[in-house]
Amino acid sequence: MKAFITHQGLVAPMDRANVDTDLMIPKQFLKSIKRSGFGPNLFDELRYLDEGIPNADNSQRPLNPDFPLNMPRYQGASILLARENFGCGSSREHAAWAMDDFGFRAVIAPSFADIFRSNALKNGILPVTLSSEQVDELFEALYAEAGYSLTVDLQACTVSLPNDEAWSFEVDPFRRNCLLKGLDDIGITLERADAIKAFEVQHRNRFPWVFEDIAL
Amino acid sequence: MAKTLYDKLWDAHLVEQREDGTALIYIDRHLLHEVTSPQAFEGLAIAERGLWRRNANLAVPDHNVSTLKKEREAGLAALPDVVSRVQLQTLDDNCEAFDVVEIPLNDVRQGIVHVMGPEQGAVLPGMTVVCGDSHTSTHGAAGALAHGIGTSEVEHVLATQCLIQKKMRNFRVEVTGKLGAGVTAKDIALAIIGQIGTAGGTGFAIEFCGTAIRSLSMEGRMTLCNMAIEAGARCGLVAVDDVTLDYFRGKPMAPDGASWDAAEAWWRTLHSDDGAAFDRSIVIDGSAIEPHVTWGTSPEMVASVYGRVPTMADMPDETARIGLSRALEYMGLTEGMAISDIKPDAIFIGSCTNSRIEDLRAAAAVLKGRQVAPTIRKALVVPGSGLVKAQAEAEGLDRIFIDAGMEWREPGCSMCLAMNADRLLPGERCASTSNRNFEGRQGSGGRTHLVSPAMAAAAAVTGRFAAVSEATQDLGAGA
């Protein structure tokens, strides 16, 4: 996983509550067996005026001019500013892969759905939770000023505003450490293989039916 | 100390608690399907890692499969959608390469992963169960700790048999009283989501309890726990009782003999202790719940079938007004209109929420001797598994659906998420027994109204949303 230490970037708005992962990456793109290439289909139904088809040449499709990510002022955005319950719905990690592939490194919102938060953190994307009032203030500032940028610092756990104000946020300490160092979860867990094996022995003694053969 | 059901399941699977607040949790059963597993297997192959415990894993194709008999019989190689075919083939290939047990496409046991799991006894009370699918919450109905995971976690479970987790908080939802006629587990789920919102359960494991829950069958409890994720909770739970034990006794992968007795002794303890502490509790009067219909683009946008779509004046703030206005525009509805004036073009009875035998019986009871209204352009009934289909056919339910003018299909996820060819056209409006009414969920531009199977059948008969009693008044209820 790529590390996240500090990131300065252009901010784009996703000004609606309950953005679900179906909206982030519609079902037809989940047929891919790869982890990459989802970026051009991020928010597909909002972004294009026609229906998205897997493996199509997205550069030839008609863009929705009213969708923020298509507007010149938000080109190159790498921080998404969003509303409550961002990433609700399906567990599809494709949503996080699409955000990553598009170039987003952080999402700022008042709240996130649990599974998306977990998927984002495992893909080097930082979900930053700020208060509703702070998010309101950021939306206002973002709409008022083209080229609005923020700095998200995971070392200090702060979001720095252009006026040098810094707002702190909380991140789970384990996830913070993984992100700062770019650590892979599986590698960390396998360091505890002996503990897992020991647990498994007593678990098997206690619940032997769980370990029965499931041959069809 | 008095423990909740969730606490007991957590403690029984805790490998180690760490100082940073995370824990390693042991996973008993891992269910896999074709959509969220390919990248996980690829990750294992790249890192040259094997499976921690082969026997913990069970795979089945469901999301992409064709529900047309002719296409199913022609086999995978003949599936017209090449992209779907590659994904299904990849599951077969990965299961073969990693020696994972897979129920094949045309096996009678094939079905939606969350229907197949309990049906086979692959999921049992007291287990930790995960799957790369958010509706894994379904299995909490068995008194199992079950939740959806992303693909990175699928890979993690395959390689380590564990997950790195933080303990959730406990949320108790008590539903008291006796449900009214025609009110089902789906209506309870929608009523709860309408009350607490789609983020109301975020960070919680929800335990459903109370007399109305005790009176539900296992199928009904699965419907309810399935929808816990639509309230934001990764896990739904129902305590084990005789209904649970009767359901699992004799299932193919369930223990028997002395092994069953040992299991039953542990399963009987799977309930919250008196005085156990919950972080949040609500009580809902089950006798007051009416049949529900969603009118918007989020499951919390829901009303009684006797109710109305809200108005701008009902909204508490500007964000809510914008949300309502966007939802009404997408759904092609006007504020304040009666739910009973909404007329669907399509009917979908199926999905991991409502495709079990009890669901099909409830729909068939309404449709028996009646016809689908002429304004309904398509009406699909998609059983949750080959075994559900066989049972329904043995009971003659297929004839009732076909005679009413509906299509009787092969098992799969189908139009719940439209990854296969079953989908809505832009602007088409569907009375659907599935779980999500998100924009585009059932097909680009499609409009979804979530309802119970009986309500979907009532909508099929009347051509608009109506209570079952209204749809059946011609011949008497349940004719």
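What you see is a predicted model; the values in this text were computed from it and never measured.

Conventions we followed
- Each chain carries its own residue numbering, running from 1 in the written order of its sequence.
- Chain letters and ligand numbers both follow the written order, the letters beginning at A and the numbers at 1.
- Given that this is a predicted model, residues contribute local features only at a pLDDT of at least 70 and side-chain atom pairs are listed and counted only at 80 or more, while totals for whole chains, interfaces and linings are drawn from all residues.
- Note that the side-chain values use all heavy atoms of the structure and ignore hydrogens as well as water.
- Note on definitions: a residue-residue contact is assigned when non-hydrogen atoms from the two residues lie within 4.5 Å.
- As a working definition, buried area equals the accessible area (1.4 Å probe) given up by two parts on being put together, with both sides summed.
- A carboxyl oxygen of Asp or Glu within 4 Å of a side-chain nitrogen of Lys or Arg is what we treat as a salt bridge.
- Numbering goes from the N terminus for both helices and strands, where a helix is a DSSP run of H or I of at least four residues and a strand is a run of E of at least two.
- The classification used treats Ala, Val, Leu, Ile, Met, Phe, Trp, Tyr, Cys and Pro as nonpolar, Asp, Glu, Lys and Arg as charged, and all other residues, Gly among them, as polar.
- Think of it in three bands: residues with accessible area under 20% of the maximum for their type are buried, residues over 50% are exposed, and the middle band is partly exposed, with areas taken using a 1.4 Å probe on protein chains only.
- This arc is built from the directions going out from the helix axis to the C-beta atoms.
- Strands pair, by our definition, only if DSSP identifies at least two bridges between them.
- Throughout, an axis means a line fitted to C-alpha atoms (over the contacting stretch in the case of helices), and angles, computed between N-to-C directions, take values from 0 to 180 degrees.
- Stacked, edge-to-face and tilted are the three classes for Phe, Tyr and Trp ring pairs, Trp counted by its six-membered ring, which pair at centre distances within 6.5 Å; planes under 30 degrees apart are stacked, over 60 edge-to-face, the rest tilted.
- Charge-over-ring contacts are defined here by two conditions on Lys NZ or Arg CZ: a distance within 6 Å of the ring centre and an angle within 35 degrees of the ring normal.

Q: What's the story with the interface of chain B and chain A in this structure? I'm lost.
A: How big an interface is tends to be reported as the loss of accessible area on association of its parts. Chain B puts 82 residues into the contact, and the matching count from chain A is 60 residues. The junction of chain B with chain A conceals about 6,100 Å² of combined surface from both sides, 58% of it contributed by carbon and sulfur atoms. Taken together, chain B and chain A are joined by ten salt bridges. When the shortest N-O distance is used, the salt bridge between K166 of chain B and D172 of chain A registers 3.1 Å. The dominant element in the side of chain B that touches chain A, judged by the number of residues it contributes, is helix α6 (residues 151-160) of chain B, at seven residues. Of the residues contributing to the side of chain B that touches chain A, the split by class is 32 nonpolar, 29 polar and 21 charged.

Q: Just to check I follow, could you spell out helix α14 (residues 386-394) of chain B for this structure?
A: Residues spaced three or four apart along an α-helix point in a common direction, a consequence of the helix completing one turn every 3.6 residues. Residue and element names in this part refer to chain B. Buried within α14 we find G386, V388, K389 and A392. End-on, the buried residues of α14 take up no more than an arc of 160°, which puts them together on one face. Immediately beyond the C-terminal end of α14, within one or two residues, lies G396, with a positive phi of roughly 80°.

Q: Got a minute to help me understand the sheet that holds strand β9 (residues 169-176) of chain B in this structure?
A: The strands that make up a sheet pair up through hydrogen bonds in the backbone, lying either parallel or antiparallel. Residues and elements named next belong to chain B. Spatial ordering of the open sheet is given by β11-β10-β9-β12, a layout of four strands whose pairing is parallel. With partners counted over all chains shown, the strands left at the sheet margins are β11 (235-237) and β12 (280-285), one partner each. The mean inter-strand angle of the sheet, taken between neighbouring strand axes irrespective of direction, is 20°. Where β9 meets strand β10 (residues 204-209), six bridges bridge the pair, whose relative direction is parallel.

Q: It is not clear to me how the packing of aromatic side chains should be interpreted in this structure. Could you clarify?
A: Two descriptors summarise a pair of aromatic rings, namely the distance from one centre to the other and the angle between the planes of the rings. Taken as a whole and assessed by the stated rule, the structure comprises 17 aromatic pairs over all chains. Consider the rings of F41 of chain B and F98 of chain B, whose centres lie 5.1 Å apart with planes at 40°: the pair is tilted. Of this pair, F41 of chain B sits in helix α2 (residues 38-47) while F98 of chain B sits in helix α4 (residues 82-98), placing them 57 residues apart in sequence. F98 of chain B sits in the buried class, given a relative accessible area of 17%. Joined through ring pairs, the aromatic side chains of F207 and W209 of chain A together with W260, W266 and W267 of chain B make up one cluster. Across the ring face of F204 of chain B, the terminal group of R169 of chain B is positioned such that the distance to the ring centre comes to 4.3 Å. The lysine or arginine in question, K251 of chain B, covers the ring of Y247 of chain B, its NZ or CZ lying 4.1 Å from the ring centre.

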